[in-house]
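Observations on the three-dimensional arrangement
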There are 2 protein chains.
Amino acid sequence: MKTKLILLIMTCFAPIMVSGQNEIQHDAEHYVLLSQHQEKWKAEDKEVANKLSKFQKNNKGKKPNIIYVLIDDVGFGEFGSPLLNNVRGYETPNLNNFATEGLTFSRMYTEPSCTPTRTAFLTGRLPVRSHMLEPKIVPPEATGLNKDEVTIAEVLSQAGYNTVHVGKWHQGDIAQSYPHNQGFDEASFAMHNQATFNFMTNESEQDRWPYNISQTIDENPYILDENFRPRDWILGIDGKKGEQAKEWGVEPGEELTYEYYYKLNDHHQDIAIEQLKRLAKEDKPFFLNYWPLYPVDFSRADDLPRTKNGGSWVGRMAQLDGWIGDLLTEVENLGIADNTIIVIMGDNGPMVQALGSSGYTDMIYRGYKGQTLEGGIRVAAFARWPKMIEAGSLAGDIVHVTDLYTTFAQIAGATDYIPRDRIVDGVDQTSLLLNGDGYSRRDYVHMYNGPHLEATMKQQFKVHWPAAGTPAFALPIYNLLRDPREMTPLVVRGMWTVGYFEEMLERHMAFKQKYPDRKETRGLPYEDISNLRPETKEFIERYLQRQEIIGE
Amino acid sequence: MKTKLILLIMTCFAPIMVSGQNEIQHDAEHYVLLSQHQEKWKAEDKEVANKLSKFQKNNKGKKPNIIYVLIDDVGFGEFGSPLLNNVRGYETPNLNNFATEGLTFSRMYTEPSCTPTRTAFLTGRLPVRSHMLEPKIVPPEATGLNKDEVTIAEVLSQAGYNTVHVGKWHQGDIAQSYPHNQGFDEASFAMHNQATFNFMTNESEQDRWPYNISQTIDENPYILDENFRPRDWILGIDGKKGEQAKEWGVEPGEELTYEYYYKLNDHHQDIAIEQLKRLAKEDKPFFLNYWPLYPVDFSRADDLPRTKNGGSWVGRMAQLDGWIGDLLTEVENLGIADNTIIVIMGDNGPMVQALGSSGYTDMIYRGYKGQTLEGGIRVAAFARWPKMIEAGSLAGDIVHVTDLYTTFAQIAGATDYIPRDRIVDGVDQTSLLLNGDGYSRRDYVHMYNGPHLEATMKQQFKVHWPAAGTPAFALPIYNLLRDPREMTPLVVRGMWTVGYFEEMLERHMAFKQKYPDRKETRGLPYEDISNLRPETKEFIERYLQRQEIIGE
């Protein structure tokens, strides 16, 4: 009864209760937990603050460095566990070793695909709030992350951090969305996602039809006119805050090959290591955001490390393990291991559409990238911070990728720079990092797929939101501990949770009413690039003409 | 071409080649591998022999003790991995710790259910060879393990071991199949499987209809006449070699309750510890075979350890973890840890028919007990032998439960007592234990389900044998590394394996022709028990009358 009453009060008054104070505005469910755990959390926060200030004191007054490595399309168990390596027939020894040196998250949630997960991390907010749902595969996107979103790079910059982004970006192709315009001092990034490469070379056209079988076909009668190869799109960009960007690597008129994709990946790895060396020497602490494009690779990739599995992406994963190993060795050699928190994780589940030749598959959890089944949104995730985070520890608590935003801000003493005029979904998980399992500040996640709320998790229960009008007793609720593959919805035994889930939804909607989602941000693609190729300029002109004719 | 030629020669002549020598007779595929690896294996065997003799010398001339713990219905990943514990919401800290002290097998195969797996271990042979397919659930079974099968207990006894069996047996209810008549000096065992208990008490009748929902129903109008409770069946037996057995625990005329099942489990655990203490003090080395009945439990079990999962069998698993922990502590306290090899494993995949309330489910691999999908036959398995087996190591090689027969015999210097007049499927895996991953002597398994050959594995490939006449290109072959859940059979890319699988089958059949399977062994149930209750005698009389009337 008492809980019910609190819930009711929260539903009606929470937005009022929390606004007007200078506190970060969280989503509704946070205030239910806050009302239950306020005293405990206060005590923990005090202890956390002590630990952080002690760390800073012992570190000559310098705040800890932050390295965040986000790996493309690797789900739960795909690295960090030798046993699960064996299940799949490949090895990730460097990442497995990293896992033993830190904390393994067994319930880290992302969003179901690349763009929204990355937005969630960058903004600390559900990506639906900034309308970063998933840009088009084929350029131009003419959309991207809005300049008014406050990224973790902006937050950390204000708190005195040097900030660098390297690798995948996937936050749009309009100037305001470029990383060096979103708070990073320097950035070297891919303009689009990897699939774009699938359309750019003559080789890819040969591979495309029929995909997964034609890899030995040298000639293809259906090949398009060579002039239709869109070699006018942009691959890679190097940028600095306040400056025009520069396209990387491609000469005007040049024919593109898969080789460019490999070179771009090599470039990112080289830059990551170079930047690491540079940043380590600076007086300021740093935030290095490294988002490799590998293992995802739509090329033929016949020069891969050998694995028992033999799949092409699996080979890239083995290669990437070596690269991350090199990065970690460099951290060691630079003598900054102890004052650097490193988080390494996947950005969503496996892209199993490429099952045949990639060697990828779902494993424990059902579902793939693009789905809100656990397989699509639960990822391998690990955090290391020697002497601060317990080596070899394991947390079964729920964490969501947005939490890293708030947590990194907390660790960097930068929470003052988190905006107060909007919902920030990420909650502070510093206590979980420093105290371990059982100290999470959330036991819930709302999971959107594009604009639709598809699932909500609370503790071990998960509802797949059904079509409107579905009878309450038929609300498909799964017990994830007893039914990790979400095969058998509870009915009789799920009844008691139905009401709670419906209240959660109601509270969430009430908060959305107060803080509505942003509309899509539109713009002109490829602006503010100093060395645009003539063909790229023509491509933009065609795009503008097309807009005049068909609108968009 | 060369390999093809060797295979052909093996197929036609191998039975002749290997008979006539005083070597253990293995199945056909072994001789293919032998021809490929003969020199390497010889060198390894020499090294293994040196290590074993060195061990014995350092152990005052005494051979190592052997403890084998076989846990009922726990599949791959169900203990030994904290990460996978988290997936399911329970903890097995003692077993996980045991795993870190020894070798984890990531590809240990059993048979798809209890009886055949246990026969496979006891005889080193595929259970179809001794016609131990799966006894009836409802007593009397009137069948069991034939006296002419040579069990691991007989082999080890001849090599000077004290041998004790405790717990589940499930090898029939005829006298020749009792463990103390199959080579064990002493035995304390359950006469039937756990399901039998489901029919024996008034409580169970109330729970049975409808199972999984009625657990709160106190009265049931459909309850059978009380006189129909088969309280004349035998629960537990204590026996000694050469003596009549004694029924354990039930007084004549007594009404049975679930409590008896719990008491029987407690009894086995107590006896296992007592026997361990006794055996450790003897001059001879020992073989202790402990096969707990838990976690499988068809009772209401409302007094279980609490877990997040909350399932009843999961609770029993947590309880069992404590029990195994006690056993391991006793091994430590007795000072015999270093001279004892301990293998702990599941006997087949989870019994997911009891999903709702048990908390069990399949996890990484698809399929359940009773199925030859990986989920039914691939189990959690670990071996510890300090200083001999590398702590924290992991083997992805294929091992089959029959291999333990030959391997334990090798470790005990007892291979001379393995019979030469029949196929022994178990191959010697001592080199794998002592050298680690990559040293398995098999890359194949033939997997029967009852009398039918359902699947064959070779390296990462697996065929589900289809109905006769299925076109060769449609032979459903799975790549277990890329498709661990056996969802997508290979066609185009599976073609090249089809021929090999068909040759394997042909070779296997040729060997079976030379060494035919045994027919079912029939007998009178419950013979040679000194204290049979009057009601049990009546039950046997009814059985004999029934035989006269309907035959069986």
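Basis of the calculations
Residues numbered from 1 in each chain as written. Chains lettered and ligands numbered in written order. Predicted model: local features only at pLDDT ≥ 70, side-chain atom pairs only at ≥ 80, totals over all residues. Heavy atoms only, no water. Helix = DSSP H or I, 4+ residues; strand = E, 2+ residues; numbered from the N terminus. Buried < 20%, exposed > 50% of the residue type's maximum accessible area, 1.4 Å probe, protein only. Areas by Shrake-Rupley, 256 points an atom, 1.4 Å probe, with all protein chains shown as cover. Patch = residues over 30% accessible without salt bridge, like charges linked within 9 Å, V, L, I, M, F, W, Y side chains within 5 Å. Salt bridge = Lys/Arg side-chain N within 4 Å of Asp/Glu carboxyl O. Lys, Arg positive; Asp, Glu negative; His and termini not counted. Charge placed at Lys NZ, Arg CZ, Asp CG, Glu CD. Least-squares fit on C-alpha atoms with pLDDT ≥ 70 in both. Contact = heavy atoms within 4.5 Å. Buried area = accessible area lost by both parts, 1.4 Å probe. Polar contact = N/O pair within 3.5 Å; in protein donor to acceptor, adjacent residues only side chain to side chain. Nonpolar A, V, L, I, M, F, W, Y, C, P; charged D, E, K, R; others polar. Pairing = 2+ DSSP bridges. Axes fitted to C-alpha atoms, helices over the stretch in contact; angles between N-to-C directions. Phe/Tyr/Trp six-rings, centres within 6.5 Å; stacked < 30°, edge-to-face > 60°. Lys NZ or Arg CZ within 6 Å of the ring centre and 35° of its normal. Parallel < 35°, antiparallel > 145°, perpendicular 65-115°, else oblique. Left-handed = near helix turned anticlockwise from the far one by under 90°. Expected span 1.5 Å × (residues − 1).

1. Side note on the overall build of chain A
Check the secondary structure of chain A and you find 15 helices and 15 strands. Counting only residues that meet the buried cut, chain A has 63% of its 552 residues in that class. On chain A, roughly 21,000 Å² of surface is accessible, and the fraction owed to carbon and sulfur atoms is 53%.

2. Some thoughts on unusual backbone geometry
Cis peptide bonds are those with omega within 30 degrees of zero, and the linkage from A:Tyr294 to A:Pro295 qualifies with 5°. Locating A:Pro295 in the fold gives a position in the loop between β7 (286-291) and α9 (312-333). At B:Gln459, a residue that is not glycine, the phi angle is positive and equals roughly 50°. If you trace the backbone, B:Gln459 turns up in the loop between β13 (452-458) and β14 (461-464).

3. Description of a negative patch on the surface
Residues and elements named next belong to chain A. Taken together, the side chains of Glu259, Asp266, Asp270 and Glu274 define an acidic patch exposed on the protein surface. Mapped onto the elements, Glu274 comes out in helix α8 (residues 258-281). Taking the relative accessible area as the measure of exposure, Glu274 reaches 52% and is therefore exposed.

4. Here we look at the relation of the copies chain B and chain A
Mapping chain B onto chain A calls for a rotation angle of 180° and an axial translation of 0.0 Å; the resulting RMSD is 0.0 Å. Read as a symmetry element, the transformation amounts to a two-fold axis. The position closest to the rotation axis in chain B is occupied by the C-alpha of B:Ile364, lying 2.2 Å away.

5. A word on the interface of chain B and chain A
Counting from both sides, the interface comprises 37 residues of chain B and, opposite them, 37 residues of chain A. Carbon and sulfur atoms make up 56% of the area that chain B and chain A hide from each other, which totals about 3,000 Å². Together, B:Leu83, B:Leu481 and B:Arg482 form the three largest contributors to the area buried by chain B at its contact with chain A, with a combined 24%. Across the contact surface, chain B and chain A share 0 salt bridges. Counting across the chain B and chain A interface gives 10 residue pairs in polar contact (both at pLDDT 80 or more). Breaking the side of chain B that touches chain A down by element, the ones donating at least two residues are α3 (82-88), β2 (103-109), α10 (355-358) and β10 (393-395) of chain B. When residues of the side of chain B that touches chain A are assigned to their parent elements, the largest contribution, 6 residues, is made by α3(B). In the side of chain B that touches chain A, the residues fall into 15 nonpolar, 16 polar and 6 charged.

6. Looking at the sheet that holds β13(B)
All names here are of chain B. Taken in spatial order, the 4 strands of this open sheet run β12-β13-β14-β15, and their pairing is antiparallel. Single-partner strands in this sheet number two, and they are β12 (444-449) and β15 (477-479). Taking the axes of each pair of neighbouring strands and ignoring which way they run, one obtains an average angle of 20° across the sheet. By the bridge criterion, 4 bridges tie β13 to β14 in an arrangement that is antiparallel. For Lys458, the partnering residue across the bridge sits in β14 and is Phe461. Each of β12, β13, β14 and β15 touches helix α14 (residues 495-514); the most contacted strand, β13, lies at about 125° to it.

7. Some points on the sheet that holds strand β15 (residues 477-479) of chain A
Residues and elements named next belong to chain A. Pairing is antiparallel in the open sheet, where 4 strands are placed in the order β12-β13-β14-β15. Edge positions in the open sheet fall to β12 (444-449) and β15, since each of these has one partner strand only. On average, adjacent strands in this sheet sit at an angle of 20° to one another, irrespective of strand direction. Bridge count between β12 and strand β13 (residues 452-458): 6 bridges; the pairing is antiparallel. Considered in β13, the bridge of Val445 is made with Met457. In the packing of helix α14 (residues 495-514) onto the sheet, contacts are made with β12, β13, β14 (461-464) and β15, and the angle to β13 comes to roughly 125°.

8. Regarding the packing of aromatic side chains
Under the defined criterion, the tally for this structure stands at 41 aromatic pairs over all chains. Measuring from ring centre to ring centre gives 5.0 Å for A:Phe55 and A:Trp385, while their planes differ by 70°; the resulting arrangement is edge-to-face. Of the two residues, A:Phe55 is situated in helix α2 (residues 28-58) and A:Trp385 in the loop between β9 (378-384) and β10 (393-395); the sequence distance between them amounts to 330 residues. The pair A:Phe55 / A:Trp385 is uniform in exposure class, with both members buried. When the centroid spacing of 5.9 Å and the interplanar angle of 85° are considered together, the rings of B:Trp169 and B:Phe184 count as edge-to-face. With B:Trp169 in the loop between β3 (162-167) and β4 (186-190) and B:Phe184 in the loop between β3 and β4, this pair connects stretches of sequence that are 15 residues apart. An aromatic cluster is built from A:Tyr68, A:Phe121, A:Trp169, A:Tyr178, A:Phe184, A:Phe189, A:Phe287, A:Trp291 and A:Phe408, whose rings are joined through pairwise contacts. We note B:Arg442 situated over the ring of B:Tyr444; from NZ or CZ to the ring centre the distance is 4.9 Å. One cation-aromatic arrangement involves B:Arg507 over B:Tyr500; the distance from NZ or CZ to the ring centre is 5.4 Å.

9. Quick word on the environment of B:Ile71
Residues and elements named next belong to chain B. Relative to the assigned elements, Ile71 resides in strand β1 (residues 65-71). Of the residues examined, Ile71 reaches a relative accessible area of 0% and is grouped as buried. Sequence separation of Ile71 and Gln410 is 339 residues, and the distance between their C-alpha atoms is 24 Å. Excluding anything up to four places from it in sequence, Ile71 contacts Phe79, Leu95, Tyr294, Pro295, Met317, Leu320, Ile344, Met345, Gly346 and Asp347.

10. A closer look at the packing of helix α8 (residues 258-281) of chain B against helix α9 (residues 312-333) of chain B
All names here are of chain B. Closest axis-to-axis distance for the α8/α9 pair is 9 Å, and the angle between their directions is 15°. One element, α8, and the other, α9, form an angle in the roughly parallel class. Crossing angle aside, the handedness with which α8 passes α9 is right-handed. From α8, Tyr262, Asn265, Asp266, Gln269, Ala272, Ile273, Leu276 and Lys277 reach across to α9, where they touch Arg316, Trp323, Asp326, Leu327, Glu330 and Val331. Looking at the contact of α8 with α9 residue by residue, the class counts come to 7 nonpolar, 2 polar and 5 charged.

11. Structural notes on the packing of helix α4 (residues 93-100) of chain A against α9(A)
Residue and element names in this part refer to chain A. Taken N-terminus to C-terminus, the directions of α4 and α9 make an angle of 50°; their axes are 7 Å apart at the nearest point. When the interaxial angle is binned, α4 and α9 end up oblique. Only Met317, Asp321, Gly322, Ile324, Gly325 and Leu328 of α9 make contact with α4, whose side of the interface consists of Pro93, Asn94, Leu95 and Phe98. Its residues assigned to classes, the contact of α4 with α9 shows 6 nonpolar, 3 polar and 1 charged.

12. Details of the pattern of salt bridges
Residues and elements named next belong to chain A. In total, this model carries 66 salt bridges over all chains according to the counting rule given. The residue Asp232 makes a salt bridge to Arg542 at a minimum N-O spacing of 2.9 Å. Highlighted residues: Asp232 in the loop between α7 (202-208) and β5 (236-240) and Arg542 in helix α15 (residues 534-550), separated in sequence by 310 residues. Among the residues examined, Asp232 registers a relative accessible area of 9% and is labelled buried. Taken together, the shared-partner salt bridges in this structure form one network comprising Glu29, Asp443, Lys458 and Arg507.

13. Some words on the pairing of β14(A)
With burial as the criterion, each face of β14(A) is covered, one bearing A:Phe461 and A:Val463 and the other bearing A:Lys462 and A:His464. Taking the residues between adjacent antiparallel strands as the criterion, β13(A) and β14(A) are bridged by 2 residues, where A:Gln459 takes a positive phi near 50°.

14. Digging into the environment of A:Glu111
Residues and elements named next belong to chain A. Counting through the fold element by element, Glu111 comes out in the loop between β2 (103-109) and α5 (114-123). For the pair Glu111 and Thr163, spaced 52 residues apart in the sequence, the C-alpha separation amounts to 24 Å. Here His400 takes part through its side chain, which lies 2.8 Å from a polar atom of the side chain of Glu111.

15. Describing α14(A)
A rise of 1.5 Å per residue sets the reference length of α14(A), with its 20 residues, at 28 Å; its end C-alpha atoms lie 30 Å apart and thus fit the reference within 8%. For α14(A), the set of buried residues is A:Thr497, A:Val498, A:Phe501, A:Met504, A:Arg507, A:His508, A:Phe511 and A:Lys512.

16. Examining the side chain of B:His192
Residues and elements named next belong to chain B. With respect to the element layout, His192 can be found in the loop between β4 and α7 (202-208). Residue class for His192 comes out buried when judged on its relative accessible area of 2%. A polar atom in the side chain of His192 sits 2.7 Å from the side chain of Tyr526. Filtering out sequence-adjacent residues up to four positions away, His192 remains in contact with Pro139, Glu141, Asp173, Ile234, Leu235 and Tyr526.

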